[in-house]
Amino acid sequence: MTVRINDILEEVSGYIPDADTRIIEKAYVFSARVHQGQTRLSGEPYLNHPLEVAYLIAQMHLDVTAVAAALLHDTIEDSLTKVEDIAAGFGDEVAQVVDGLTKISKIDFRSEEEQQAENFRKMILAMSKDLRILLIKLVDRLHNMRTLQYHKPKSQERIARETLEIYAPLANRLGIHWLQIELEELSLKYLDPTGYKTLKARLEDIEKAKEAYLSDVMGQIRSKLESMGIKAEVKGRIKHVYSVYQKLKKQGIPFEDVYDVMGMRIIVSSVAECYETLGIIHSIWKPIQSRIKDFIAMPKANMYQSLHTTVFGPGGDRIEIQIRTREMDYIANEGIAAHWRYKDGMQISDHEGERLSWLRQLLEWQKELKDPHEFLQSVKIDLYPEDVYVFTPKGEVKRFPVGATPLDFAYSVHTQLGNQCMGAKVNGKIVPLRYKLNSGDVVEILRSSKQHPGKDWLRIAKTSRAKTKIKAWLRAQENEQSIALGREILEKRIKSLHLGKEVDYEAMAKDFSFPDTDAFFMAIGFGRLSVNQVINRIAPEEQKKEPKRQIRKKSQDSSGIVVKGVENLLVRYAKCCRPIPGDEVVGFITRGRGITVHRSSCPYVMEIDPRRLIAVEWDKNFSENHEIDFSVMCADKPGMLGSITAAIGTRNINIISMKAYPVANGSAMCVFRVTVKSLSELKDLFGDIRRLKGVERIERQ
Ligand code: MN
């Protein structure tokens, strides 16, 4: 049966008794003229489509403007009609709704995902002006889905997928349950025809098989409630195909294991009766504790309210029961549209108030909802749970995996921006590199030419693009430093030999089978090729004279020190300050002696050319003994030295050397060199010594 204009007018008069329906009639005439001669794929006149859409809008009890706009919704897109024509004939309000619909229809959701998010934003922006745009768009899609059989299989699939991914979640967000269900069922029918058919057949089988069972259970509930003085409407139902389908897919279980395909809905008159009914149900059948949900006290974001419980019904079959009032039931089906429907006394020109109430609704609905970005965020979270969408300051959308940080953002823009990323301004507030981006964030990267990547960045970045770039930078940096270091080490050593001849490094590199001098020096810098090996080749007799002592070369994985961005360098500890693990340290790139590690507080460091300083830190996985000196000022009395050495011995600390000499005022100064593993061990030792009677002062040298 096709919808006729009279059906629409009749429907509208039903809920707006004194409706001025002239604008609807006029819209019908206009639409008929524009679409004249056009046919749908089904072969029927195109006009049937706007009539169907307008009828759906009337059934949702929307106002005259919405019904007229529904009739006109395809007139601009499909013809030479301009938005000005609509405005001239029907007023700005209708024109604005039709214009919004036209804009949405131009959005192509097939594009790249980033583009898709941007399109989504456009759609949200278009419809956030007026909810009627979205409601018409949704029922427009519904009618197109209902007539999808006339499309080619390929476009069937595309439209069905778009419906399932964009429109059904939107309907869900807005709480328009009936629309969501129908969109989902229709989409699934086209996306997995066999799966849909099989599942539907099985559910129908169950429905038949359980018919008697369900009516028995419902009867029990009715009579029990009646005896308690509660007037209730009890409905039984088998779940929708799509919701069962999703459950099977999500949980990866066979159909036999989906237990709660049977549901029941109990409608009562008050909130108090809802809870009362819940108690009565639980007194008849045992509930599954974890499945009792109170959406009355805590409504869902889309305003849904109800009590849910799953009980072991007669024979142990599980039955899901929803309990709610009539009003809650109405909202559960109509969602936000319930708040948008025509009410008595509302003037058509009252749209300003409507818009305000829509905004207020939006604010109540989702407290943090401040702008379209956040709206996008809240809707999109349902759509793409594993992605976050953020904006550049210019409003472009970028997509990242969940957990992505400003580093990922920076590298996605430009490698150099990534390498110099200091942090970011997110929504105007400064955040650290570790900040995890949220959908809707507006991100502005902060950069500094002094900044450069560190190894820890590999843990902060989430995208492989950023990680690859960081690794590349670290490797280049590592190589560069090693080349400089290797060259210095070798040159210095050769100079000290006073060979009186120039060394041809290029020939030398070839001799050691390196492609070039850089690779050759790098090998020395890394300690893969020892200087002695090279010297041996240049001047074998000199090598013998050279004692193998100066460079304390550590095996590759046991230097005890990690140099930022560089691995396996020659490291030794400065004798001037004798750093131990736990001390704040800094590295000094020596000329020819690898890297010397100093305590940051060492006065010598102040005099070093800052360009030769390099950040280092202790390797926490490595522990070895370090020699350090300390002095103790104490009373010059017999047994004093003995008790100090005993304190040291108790901690199993080795004494390398000690000296003691008297100073003024009857005191003595004892200087010890001991080996310790860390600063904390040393501190503990100092604590022990300080507690000894006669000790006045203790100081690390
Ligand atoms: Mn349409």
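Computed from a predicted model, the values in this text were never measured in an experiment.

A.B. asks: Go over the overall build of the protein chain with me, naming the residues and quoting the values.
C.D. replies: Counting its regular elements, the protein chain contains 28 helices and 21 strands. Classification of the 701 residues of the protein chain by burial places 50% in the buried group. When contacts within the protein chain are restricted to residue pairs at least 6 apart in sequence, long-range pairs at least 24 apart make up 66% of them. Carbon and sulfur atoms make up 50% of the accessible area of the protein chain, which amounts to about 35,200 Å² in all.

A.B. asks: Can you lay out the sheet that holds strand S14 (residues 585–589) for me, pointing to particular residues and giving the numbers?
C.D. replies: The four strands are arranged S13-S15-S14-S16 in an open sheet whose pairing can be described as mixed. The open sheet terminates on both sides in strands that have one partner only, identified here as strand S13 (571–573) and strand S16 (613–614). The pairing of S14 with S16 spans two bridges and is antiparallel. Note on S16: the bridge partner recorded for Phe588 is Leu613.

A.B. asks: Explain the coordination of the manganese ion residue by residue, including any values.
C.D. replies: Taken together, His49 (NE2), His73 (NE2), Asp74 (OD) and Asp140 (OD) make up the full set of protein donors to the manganese ion, lying 2.2 to 2.4 Å away. Each donor residue of the manganese ion lies on the same chain, and together they follow the pattern H-x23-H-D-x65-D. As far as burial versus exposure is concerned, His73 and Asp74 are alike and both buried.

A.B. asks: Lay out the environment of Pro432 with the relevant residues and their values.
C.D. replies: Relative to the helices and strands, Pro432 resides in the loop between strand S10 (429–431) and strand S11 (443–447). Distance from Pro432 to Thr405, taken between C-alpha atoms, is 9.0 Å for residues 27 residues apart in sequence. The contacts of Pro432, once residues within four sequence positions are left out, are Pro406 and Gly423.

A.B. asks: Hey, could you go over the nonpolar core for me, with residue numbers and the actual values?
C.D. replies: A general trend in soluble globular proteins is that nonpolar side chains are found buried together. In terms of nonpolar packing, the biggest core is built from 66 residues, with Ile8, Val12, Ile24, Ile57, Val67 and Ile86 touching the most fellow members. Looking at this core, the element that brings in the most residues is helix H8 (residues 131–146), giving nine residues. Each of domain 1 (5–192) and domain 2 (194–338) gives at least three residues to this core. The residues contacting Ile86, other than those within four sequence positions of it, are Phe30, Leu72, Thr75, Ile76, Thr81, Gly91, Val94, Ala95 and Val98. Counting residues in each nonpolar core, the second largest holds 39 residues, with Leu188, Leu203, Met262 and Ile321 among its members.

A.B. asks: Account for the confidence of the model for the protein chain, with residues named and values stated.
C.D. replies: Mean pLDDT over the protein chain: 82, with 84% of residues reaching 70 or higher. Taken element by element, the protein chain is modelled with least confidence in helix H17 (residues 372–383), mean pLDDT 41, and with most confidence in helix H3 (residues 48–59), mean pLDDT 96. For residues 345–385, every residue scores under 50 in pLDDT, and the model assigns this stretch 66 contacts once sequence neighbours within four places are set aside. The low-confidence segment residues 546–557, where pLDDT is below 50, has 23 contacts with residues more than four positions distant or belonging to other chains.

A.B. asks: So what's going on with unusual backbone geometry? Residues and values would help.
C.D. replies: Outside of glycine, negative phi angles account for most residues, and trans bonds account for most peptide bonds. Its identity as a non-glycine residue notwithstanding, Ser513 has a phi of 65°, on the positive side. Within the secondary structure, Ser513 sits in the loop between helix H22 (505–511) and helix H23 (517–526).

A.B. asks: Provide a residue-level description of the pattern of salt bridges, including the pertinent values.
C.D. replies: Side-chain pairs of opposite charge can arise where the charged atoms are in close proximity. This model, assessed by the stated rule, comprises 23 salt bridges. For the salt bridge of Arg487 with Glu491, the shortest nitrogen-to-oxygen distance reads 3.1 Å. A residue pair is termed a helical-turn pair when its members lie 3 or 4 positions apart in one helix, as Arg487 and Glu491 do in helix H21 (residues 464–497) at four residues. Across the salt bridge formed by Asp511 and Arg537, the nearest N and O atoms sit 3.0 Å from each other. Of this pair, Asp511 sits in helix H22 while Arg537 sits in helix H24 (residues 531–538); the two residues are 26 residues apart in sequence, bridging distant segments of the chain. Residue classification places Asp511 among the partly exposed residues on the basis of a relative accessible area of 40%. Residue Arg537 is classed as partly exposed on the basis of its relative accessible area of 43%. Residues joined in a network through salt bridges with shared partners are Arg237, Lys239, Arg291 and Glu320.

A.B. asks: Please set out the side chain of Thr102 residue by residue, giving values where relevant.
C.D. replies: Relative to the assigned elements, Thr102 resides in helix H6 (residues 92–106). Polar contacts involving the side chain of Thr102 include one to the main-chain carbonyl oxygen of Val98, which spans 2.8 Å. Not counting the four nearest positions on each side in its chain, Thr102 is found in contact with His73, Ile76 and Glu77.

A.B. asks: I'd like a rundown of the packing of aromatic side chains, residues and numbers included.
C.D. replies: With the rule as written, the count across this model stands at 11 aromatic pairs. Centroid distance Tyr505 to Phe521: 5.3 Å. Interplanar angle 65°. Geometry classified as edge-to-face. Pair noted here: Tyr505 is in helix H22 and Phe521 is in helix H23, with a separation of 16 residues, a long-range link. In this structure Tyr505 comes out as buried when scored by relative accessible area, which is 17%. Judged by relative accessible area, Phe521 falls into the buried class, the value being 0%. Ring centres of Tyr573 and Trp618 lie 5.8 Å apart, and the angle between their planes is 15°; this geometry places the pair in the stacked category. A residue pair is termed long-range when its members are at least 10 positions apart, and Tyr573 in strand S13 and Trp618 in strand S17 (residues 616–618) qualify at 45 residues. By relative accessible area, Tyr573 is classed as buried at 8%. Through successive ring pairs, a cluster of aromatic residues spans Tyr505, Phe512, Phe514, Phe520 and Phe521.

A.B. asks: Go over helix H4 (residues 64–72), please, and point to the residues and values.
C.D. replies: Burial within H4 is extensive, with nine of its nine residues counted as buried. Every buried residue of H4 is accounted for by Val64, Thr65, Ala66, Val67, Ala68, Ala69, Ala70, Leu71 and Leu72.

A.B. asks: Give me the pairing of strand S15 (residues 595–599): which residues, what numbers.
C.D. replies: The element S15 is extensively covered by neighbouring structure, given that five of its five residues are classed as buried. The alternating pattern of S15 places Ile595, Val597 and Arg599 on one face and Thr596 and His598 on the opposite face, and all of these are buried. Pairing of S14 with S15, which is carried by five bridges, proceeds in the antiparallel orientation. What sits directly across from Val586, in S15, is His598.

A.B. asks: Give a detailed account of the pairing of strand S5 (residues 307–312), specifying residues and quantitative values.
C.D. replies: Buried residues dominate S5, accounting for five of its six residues. Two strands pair when backbone bridges link them, and strand S3 (residues 286–287) and S5 are joined in this way by two bridges, in the antiparallel orientation. Looking at the pairing, Pro287 lines up with Val311 of S5. Note that strand S4 (residues 293–294) and S5 share two bridges and pair antiparallel. Residue pairing for S5: Asp294 is matched across the bridge by Leu307. Judged from the six bridges that link them, S5 and strand S6 (residues 318–325) form a sheet pairing that is antiparallel.

Cut-offs and rules
Residues numbered from 1 in each chain as written. Predicted model: local features only at pLDDT ≥ 70, side-chain atom pairs only at ≥ 80, totals over all residues. Heavy atoms only, no water. Helix = DSSP H or I, 4+ residues; strand = E, 2+ residues; numbered from the N terminus. Buried < 20%, exposed > 50% of the residue type's maximum accessible area, 1.4 Å probe, protein only. Contact = heavy atoms within 4.5 Å. Areas by Shrake-Rupley, 256 points an atom, 1.4 Å probe, with all protein chains shown as cover. Pairing = 2+ DSSP bridges. Donors = N, O, S within 2.8 Å, 3.2 Å for Na, K, Ca; no water. Core = buried A, V, L, I, M, F, W, Y, C linked by side-chain atoms within 4.5 Å. Domains from an automatic or database assignment. pLDDT = per-residue confidence, 0-100. Salt bridge = Lys/Arg side-chain N within 4 Å of Asp/Glu carboxyl O. Polar contact = N/O pair within 3.5 Å; in protein donor to acceptor, adjacent residues only side chain to side chain. Phe/Tyr/Trp six-rings, centres within 6.5 Å; stacked < 30°, edge-to-face > 60°.

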